[in-house]
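Fold and geometry: a report
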Amino acid sequence: MRFDDLKPAAVRHTRRVAPGVVAENPALREAARKTLQRSGKALLEVRDREGYWRGDLKADTTLESDYVLLQLWLHPPVDGIWNPPTRPRIQKAAQSILDRQLPDGGFNIYPHGPAEISACVKAYTALKLAGIDPQGPQMTLARDCILKLGGVQAANSYAKINLSLFDLFPHEHVPSVPPELILLPGDALYEMSSWTRAIVVPLSIVQALRKPRSLPAGFSLSEIFSDAPLKSEMSIRPNWRNFFHWLDRALKVWNKRAVKQIRAWAVREAEHWILDRTRHSEGLGAIYPAMMYSIMALDALGYGNDHPDLLDAVHQFESLLIETEDRFYFQPCVSPVWDTAIAAFALGEAGAARPEDLVASADWLITKEVRRKGDWSIKRPKLEPSGWYFEFANEYYPDVDDTAQVLLAFEHARGSDPERQQRCVRRAVNWLLGMQSRDGGWAAFDVDNDLELLNQIPFADHNAMLDPTCPDITGRVMEALIRSGVDKDSPAIQRAAEYLITQQTEPGCWYGRWGVNYVYGSFLAMRGLSRVGGAKAQEAVRRGAQWLRSVQQQDGGWGESCASYNVDAYVPAPSTPSQTAWAILGLIAAGERGSDAVRRGIQFLIERQGEDGLWHDDLATGTGFPCVFYLSYSLYSKYFPVLALGSYLKT
């Protein structure tokens, strides 16, 4: 159904309107109302009976590739023959990888993206281990692609580290991650981002206790090494990068000659650190790489195959697997709290659900409030615990973004115990205020986690060494705090507003750290600033709206590629329901509900609603690590359009 030619008679008699603003279109509003009604009902129907939503979270082939390598670690070859008990799953993993091979033989890190060297190296290794014929057409193409991209030498540090554990890459040419990191004074470990900590601590044990790992007879990756010699990036120039490379060389000497008592102490402390953080959690950090390395660390420490801690670690890791007759892929984590908070807020804000429909969701969210101190308390030791995490259980790592979104959900989702819910809200507001960084913004998990020199560490090329403040989270927190009763003129809100104003780019958009990219950052920054008022904030929002209008596509929607992170500028992609909804929400925050841009965006959503009442994206619109790892949230295309339609229909 299209509405381009629908011009109600009332238009002829309306007053003149400003450029870009159109008169009310009753036919479009009615179509939007029906679309919202269908989508709201459909969204409620995909909720779990316990009251939560949980969509699939998809990533790239590196997860399936690493799974195969983990099986080689846990089930080594016998007499050169590798026949692990998980062979059927390995074959499924291989097929899942092959299904996503690009025409040029490579593997990408986001849908429709180009081949990426680390993903290609990991995929080739996993496929060869799985028994795919190295001389077959698919492997030949993959090998040629890898060599064109620079060979194994061009892969990132973590790909090389994983290969080095099996002597498939020289140990002397991979970064050292010593367990003594945990002994450094001044809580130095906590200057790294939470996810980096969760990765490097178990990895340090694996490297420290490195044992010879056997390979299938004759297995080698020599054919995907380029002719370029392996060489160090060190030079004598005095800068931090060279300092850390020289330090890495010293650590390699230390690894060979470490004082046994100090090394044993460090390994023991790292072991305790891991075990502490797997209590009240679905695995270490509840994220794939940390969980994988924790399995390897426990195995290296001598935990038997029937040890409860190792069994639990494997169980939690395998719970990330989606396996059916026609699907096999690993999720990097699960997202029920996040999905539930956004879905409940969208339905409530849009008026697409009755209050009683959301009671179960509110009750479920209330049970997930964190009441124990986690890593965040290292820098905020006196702050009362609160907040929400992303997953079903991850109490050491509540995050600011989820907490803000839960507060927004609670505006509409009222539980069966109002007093208990109000206590949750009070604690969460105080926790968020206490987690504001010195620059006025908010980060994901920590406060003032912005020591830039750490980005020069050799293993920092996963582009996630730090957890700095970002406009998208800051905008959401501002909206949540103000709607929860914090005065918009309070020092915390005014500092946040000033932060967002200074973070606005020259074109008028904002960077999006956790969603792709400038469309995401802009809509959230604009929603936060629109509630503050004041000339500077209003001007920033106006410029943001101007930018959003400038990147609207011919079909009326909005789409942005993950490639925008590589060039630090907006890169268009086919329009998606989620990004279109974000842009509409940003424009409505700027007071442009009646604009032609919003009308065309709403029309886009109406026309692309599926037969099931929902929308479907096939592109990655979520961000894990910019330039390195991206996410496809299966529910983003479902609940964000509901929120956009509801906001449009408000009078």
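Refer to the structure printed above.
Nothing here was measured: the structure is a model prediction, and the numbers come from that model.

The rules we used
- Residues numbered from 1 in each chain as written.
- Predicted model: local features only at pLDDT ≥ 70, side-chain atom pairs only at ≥ 80, totals over all residues.
- Heavy atoms only, no water.
- Buried < 20%, exposed > 50% of the residue type's maximum accessible area, 1.4 Å probe, protein only.
- Helix = DSSP H or I, 4+ residues; strand = E, 2+ residues; numbered from the N terminus.
- Pairing = 2+ DSSP bridges.
- Patch = residues over 30% accessible without salt bridge, like charges linked within 9 Å, V, L, I, M, F, W, Y side chains within 5 Å.
- Areas by Shrake-Rupley, 256 points an atom, 1.4 Å probe, with all protein chains shown as cover.
- Salt bridge = Lys/Arg side-chain N within 4 Å of Asp/Glu carboxyl O.
- Phe/Tyr/Trp six-rings, centres within 6.5 Å; stacked < 30°, edge-to-face > 60°.
- Lys NZ or Arg CZ within 6 Å of the ring centre and 35° of its normal.
- Contact = heavy atoms within 4.5 Å.
- Disulfide = S-S within 2.5 Å.
- Polar contact = N/O pair within 3.5 Å; in protein donor to acceptor, adjacent residues only side chain to side chain.
- Arc of directions from axis to C-beta.
- Axes fitted to C-alpha atoms, helices over the stretch in contact; angles between N-to-C directions.
- Parallel < 35°, antiparallel > 145°, perpendicular 65-115°, else oblique.
- Left-handed = near helix turned anticlockwise from the far one by under 90°.
- Nonpolar A, V, L, I, M, F, W, Y, C, P; charged D, E, K, R; others polar.
- Expected span 1.5 Å × (residues − 1).

**Quick look at the pairing of strand β5 (residues 629-633)**
Within β5, five of the five residues are buried, which leaves it mostly tucked inside the rest of the structure. Residues of β5 alternate between two faces, with Phe 629, Leu 631 and Tyr 633 on one and Tyr 630 and Ser 632 on the opposite face, all of them buried. Relative to β5, strand β1 (residues 57-58) runs antiparallel, the two being bridged by two bridges. Its bridge partner being in β5, Leu 57 is matched across the sheet by Tyr 633. Strand direction decides the pairing type here: strand β4 (residues 622-625) and β5, joined by three bridges, are antiparallel. Across the sheet, Phe 625 pairs through a bridge with Phe 629, a residue of β5. Between β4 and β5, which pair antiparallel one after the other, the connecting turn spans three residues, and Cys 627 there sits at a positive phi close to 75°.

**Structural notes on the sheet that holds β1**
Taken in spatial order, the three strands of this open sheet run β1-β5-β4, and their pairing is antiparallel. With partners counted over all chains shown, the strands left at the sheet margins are β1 and β4, one partner each.

**Side note on a nonpolar patch on the surface**
Taken together, Val 259, Ile 262 and Trp 265 make up a surface patch of nonpolar side chains, about 250 Å² in accessible area. Here Val 259 shows up in the loop between α8 (240-257) and α9 (260-276). Residue Val 259 is classed as partly exposed on the basis of its relative accessible area, which comes to 38%.

**Quick look at unusual backbone geometry**
Positioned with a positive phi, Asp 79 is a non-glycine residue whose angle comes to about 55°. Secondary-structure assignment places Asp 79 in the loop between α2 (62-74) and α3 (87-98). For Asp 79, a relative accessible area of 76% gives the class exposed. For Ala 286, which is not glycine, the phi dihedral falls at a positive 55°. Mapped onto the elements, Ala 286 comes out in the loop between α9 and α10 (288-300).

**Observations concerning the packing of aromatic side chains**
With the rule as written, the count across this model stands at 35 aromatic pairs. When the ring of Tyr 636 is compared with that of Phe 640, the centres are 5.1 Å apart and the planes differ by 85°; the resulting orientation is edge-to-face. Of the two residues, Tyr 636 and Phe 640 both sit in helix α23 (residues 636-649), four residues apart, roughly one turn of that helix. Comparing Tyr 636 with Phe 640 shows no difference in burial state: the two are buried. An aromatic cluster is built from Trp 338, Phe 390, Tyr 520, Phe 523, Trp 582, Tyr 633, Tyr 636, Tyr 639 and Phe 640, whose rings are joined through pairwise contacts. Here the basic side chain of Arg 29 rests over the ring of Tyr 648, its NZ or CZ set 5.8 Å away from the ring centre. Across the ring face of Trp 82, the terminal group of Arg 87 is positioned such that the distance to the ring centre comes to 5.2 Å.

**Section: the environment of Asp 357**
Tracing the sequence through the fold places Asp 357 in the loop between α12 (336-350) and α13 (359-366). The spatial distance from the C-alpha of Asp 357 to the C-alpha of Leu 74 is 46 Å, given a sequence separation of 283 residues. When near neighbours in sequence (up to four residues on either side) are disregarded, Asp 357 contacts Leu 44 and Arg 47.

**Some details on the state of the cysteines**
On inspection of all chains with the given rule, the structure shows zero disulfides. Lacking any disulfide linkage, Cys 333 is separated from the closest cysteine sulfur, that of Cys 562, by 16 Å. For Cys 470, which is in no disulfide, the shortest distance to another cysteine sulfur is to Cys 509 and amounts to 15 Å.

**As for the side chain of Thr 62**
If you trace the backbone, Thr 62 turns up in helix α2. Its relative accessible area of 11% is what places Thr 62 among the buried residues. A polar contact is formed between the side chain of Thr 62 and the side chain of Asp 60, at a distance of 2.3 Å. With sequence-adjacent residues up to four places away left out, Thr 62 is seen in contact with Ala 119, Lys 122 and Phe 629.

**Observations concerning helix α11 (residues 308-318)**
Within the sequence span of α11, burial applies to Leu 310, Ala 313, Gln 316 and Phe 317. The buried residues of α11 all sit within an arc of 130° when viewed along its axis, so they share a single face. What points out from α11, more than 90 degrees from its buried face, is the exposed set Pro 308 and His 315. Buried residues in α11 make contact with α2, α10, β2 (321-323) and β3 (328-330).

**Re the packing of helix α7 (residues 194-208) against α9**
Axes are the key here: two packed helices are described by the angle between their axes and the distance separating the axes. Orientation of α7 relative to α9, taken along the N-to-C sense of each, is 140°, at an axis distance of 10 Å. Relative to α9, the element α7 is oriented oblique. α9 is crossed by α7, and the crossing has left-handed handedness. Mapping the contact onto sequence places Arg 197, Ala 198, Val 201, Pro 202, Ser 204, Ile 205 and Ala 208 in α7 and Arg 263, Val 267, Ala 270, Glu 271, Trp 273 and Ile 274 in α9. Partitioned by chemical class, the residues of the contact of α7 with α9 number nine nonpolar, one polar and three charged.

**Looking at the pattern of salt bridges**
Going through the model one piece at a time under the given rule, you end up with 36 salt bridges. Put simply, Arg 89 and Glu 323 hold a salt bridge, and the shortest N to O gap is 3.1 Å. Taken together, the residues span a long stretch of sequence, with Arg 89 in helix α3 and Glu 323 in strand β2 at a distance of 234 residues. Given the relative accessible area of 25%, Arg 89 is considered partly exposed. One salt bridge connects Arg 263 with Glu 180, and the closest N-O pair in it is separated by 2.7 Å. Of this pair, Arg 263 sits in helix α9 while Glu 180 sits in the loop between α6 (157-164) and α7, and the two are 83 residues apart along the sequence. Across this residue pair, the class does not change: Arg 263 and Glu 180 are buried.

**Structural notes on helix α19 (residues 535-550)**
With 16 residues, α19 should reach 22 Å at 1.5 Å per residue; the first-to-last C-alpha distance of 23 Å fits that figure. Those residues of α19 lying buried are Ala 537, Ala 540, Val 541, Gly 544, Ala 545, Trp 547 and Leu 548. Down the axis of α19, the buried set is contained in an arc of 160°. They therefore lie on one face. Opposite its buried face, α19 presents the exposed residues Ala 535, Lys 536, Gln 538 and Ser 550, each directed more than 90 degrees away. Of the surrounding elements, those touching the buried residues of α19 are α17 (491-503), α18 (518-529) and α21 (577-589).

**Observations regarding the environment of Arg 476**
For Arg 476, the position within the fold is in helix α16 (residues 471-483). In this structure Arg 476 comes out as buried when scored by relative accessible area, which is 2%. When the C-alpha atoms of Arg 476 and Trp 195 are compared, they prove to be 22 Å apart, with 281 residues separating the residues in sequence. In this view, Arg 476 contacts Trp 338, Asp 401, Ala 404, Gln 405, Leu 408, Tyr 520 and Leu 524; residues no more than four positions away in its chain are not counted.

**A look at the environment of Gly 348**
When you line up the elements, Gly 348 lands in helix α12. Separated by 294 residues in sequence, Gly 348 and Val 642 place their C-alpha atoms 9.9 Å apart. Beyond its immediate chain neighbours, meaning those up to four positions away, Gly 348 contacts Leu 358 and His 412.

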